[in-house]
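# Residue-level structural notes
The primary structure of each chain is shown beneath.
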Amino acid sequence: MAPAESVLNALDRISTLENVSLRRDVPLSEHTRFGIGGPADFYVQTSSPASFAQALAIVRSSGLDWVVIGGGTNLIVSDEGFRGVCLKLTSDRISADGLTVEAESGAVLQNLVDFTVRLDQKRRRQAPQREVTGRDADRIDQHRIRHRMQLHKAPRLIDVIVDADRQHLEMIAIALL
């Protein structure tokens, strides 16, 4: 753990960031699917990607232990909690431009799927009716949607590609280093 003065300085800097909530001793059980887990010493949450990137940079340079969490469905925390700073980005905007859908990293996957289904239904209602068969039908019905999660200057970029056609919904995660 970092020296006390460095910790206080880092926390003070984080508390001045726009749209950032900084709390102490937050039970991580509130942020996990199974509702278990002790407290995080410090919990930082924001819906602003810019503020999140600033908070992460401050924490990294402070020497504090830190972890970034998402929706908590794949997170198990010990009853002792986390000794350090837990950061969470909650930006969840989903938008479309033609057949390209962009989802911010805090978007819930089910919301992304629901959005694309509604988008497809709307497109089908507006499309002229014509007879298409075989391979052409599969090509026309197939959509590629990218859910891109990237932290400011983070070493990893995660793409979740959702391919939807009449028969199935397939999800592929690609981690690029």
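Residues numbered from 1 in each chain as written. Predicted model: local features only at pLDDT ≥ 70, side-chain atom pairs only at ≥ 80, totals over all residues. Heavy atoms only, no water.

### Digging into the overall build of the chain
- What the chain contains, in helices and strands, is four helices and nine strands.
- Going from N to C terminus, the chain has its helices and strands arranged as α-β-β-α-β-β-β-β-α-α-β-β-β.
- Out of the 177 residues belonging to the chain, those deemed buried represent 34%.
- Taking all contacts inside the chain whose residues are at least 6 apart in sequence as the whole, residues at least 24 apart take part in 46%.
- On the chain, roughly 11,300 Å² of surface is accessible, and the fraction owed to carbon and sulfur atoms is 50%. (Helix = DSSP H or I, 4+ residues; strand = E, 2+ residues; numbered from the N terminus. Buried < 20%, exposed > 50% of the residue type's maximum accessible area, 1.4 Å probe, protein only. Contact = heavy atoms within 4.5 Å. Areas by Shrake-Rupley, 256 points an atom, 1.4 Å probe, with all protein chains shown as cover.)

### Considering the packing of helix α1 (residues 4-15) against helix α2 (residues 49-62)
- Closest axis-to-axis distance for the α1/α2 pair is 10 Å, and the angle between their directions is 175 degrees. If you check the angle between α1 and α2, you find them roughly antiparallel. Contact residues: α1 offers S6, A10, R13 and I14, while α2 offers A55, I58, V59, S61 and S62. (Axes fitted to C-alpha atoms, helices over the stretch in contact; angles between N-to-C directions. Parallel < 35°, antiparallel > 145°, perpendicular 65-115°, else oblique.)

### What about a nonpolar patch on the surface?
- Together, F34, I36 and I76 make up an exposed nonpolar region whose accessible area comes to about 330 Å².
- Within the secondary structure, I76 is located in the loop between β3 (66-69) and β4 (82-89).
- On the basis of relative accessibility, which here comes to 63%, the residue I76 falls in the exposed class. (Patch = residues over 30% accessible without salt bridge, like charges linked within 9 Å, V, L, I, M, F, W, Y side chains within 5 Å. Salt bridge = Lys/Arg side-chain N within 4 Å of Asp/Glu carboxyl O.)

### Quick word on the side chain of S48
- Within the fold, S48 resides in the loop between β2 (39-46) and α2.
- Given a relative accessible area of 16%, S48 falls into the buried group.
- Here S51 takes part through its backbone nitrogen, which lies 3.1 Å from a polar atom of the side chain of S48.
- Setting aside its immediate chain neighbours within four residues, S48 contacts N19 and L89. (Polar contact = N/O pair within 3.5 Å; in protein donor to acceptor, adjacent residues only side chain to side chain.)

### Let's talk about the sheet that holds β4
- Ordered by their spatial adjacency, four strands build an open sheet running β1-β2-β4-β3, and the pairing between neighbours is mixed. Each end of this open sheet is capped by a strand with a single partner; those strands are β1 (20-27) and β3. Ignoring which end each strand starts from, the neighbouring axes of this sheet average 25 degrees apart.
- Across six bridges, β2 lies against β4 in parallel orientation. Along β4, the bridge assignment pairs V44 with L87. (Pairing = 2+ DSSP bridges.)

Just distances and angles here, no functional claims.
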